[in-house]
Amino acid sequence: MNPATGWCSGCWRTLDEIAAWSTMADDAKRLVWSLLPTRRAEHEAPPEVHRRVVAIKPSDSDA
């Protein structure tokens, strides 16, 4: 659980949401599911972009 947000770092639900999940109505579950992408986007670091670097062996004509 992330102490700053109160959300699970794996599923992004609160402890109350996790505890109540098995007894929640389907509409309530759908509401929670709709919140998860925003929670994740707000608190997860953006993916790192990597560039592919290819070493090219100089040809004899470059010398």
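Attention in this report is confined to the structure presented alongside it. Bear in mind that the values here come from a model prediction, so they are computed numbers and not experimental data.

### Observations concerning the overall build of the protein chain
- Each helix and strand counted, the protein chain has two helices and zero strands in total.
- In the protein chain, buried positions account for 14% of the 63 residues.
- Of all intrachain contacts in the protein chain linking residues separated by at least 6 positions in sequence, the fraction that spans at least 24 positions is 34%.
- Taken as a whole, the protein chain presents about 5600 Å² of accessible surface, with 57% of it coming from carbon and sulfur.

### As for a nonpolar patch on the surface
- Together, Met-1, Leu-15 and Ile-18 make up an exposed nonpolar region whose accessible area comes to about 280 Å².
- Counting through the fold element by element, Met-1 comes out in the segment before helix 1 (15–20).

### Here's the deal with the pattern of salt bridges
- In the structure shown here, the tally under the stated rule is two salt bridges.
- Between Arg-39 and Glu-17 there is a salt bridge, with the nearest N and O atoms lying 2.8 Å from each other. Here the residue Arg-39 occupies a position in helix 2 (residues 26–43), and Glu-17 occupies one in helix 1, the gap between them amounting to 22 residues. For the pair Arg-39 and Glu-17, one class covers both residues: buried.
- Where Arg-30 meets Asp-27, a salt bridge forms, and the shortest distance between an N and an O atom there is 2.8 Å.

### Comments concerning the nonpolar core
- Listed in full, the six residues of the largest apolar core are Trp-7, Trp-12, Trp-21, Met-24, Val-32 and Leu-36.
- In contact with Trp-21, not counting residues within four places along its chain, are Arg-13, Lys-29, Val-32 and Trp-33.

### Things to note about unusual backbone geometry
- Phi angles above zero are rare outside glycine, and Trp-12 is one such case at about 70°.
- Note on placement: Trp-12 falls in the segment before helix 1.
- When its relative accessible area of 9% is taken as the criterion, Trp-12 is described as buried.

Conventions adopted
- Residues numbered from 1 in each chain as written.
- Predicted model: local features only at pLDDT ≥ 70, side-chain atom pairs only at ≥ 80, totals over all residues.
- Heavy atoms only, no water.
- Helix = DSSP H or I, 4+ residues; strand = E, 2+ residues; numbered from the N terminus.
- Buried < 20%, exposed > 50% of the residue type's maximum accessible area, 1.4 Å probe, protein only.
- Contact = heavy atoms within 4.5 Å.
- Areas by Shrake-Rupley, 256 points an atom, 1.4 Å probe, with all protein chains shown as cover.
- Patch = residues over 30% accessible without salt bridge, like charges linked within 9 Å, V, L, I, M, F, W, Y side chains within 5 Å.
- Salt bridge = Lys/Arg side-chain N within 4 Å of Asp/Glu carboxyl O.
- Core = buried A, V, L, I, M, F, W, Y, C linked by side-chain atoms within 4.5 Å.

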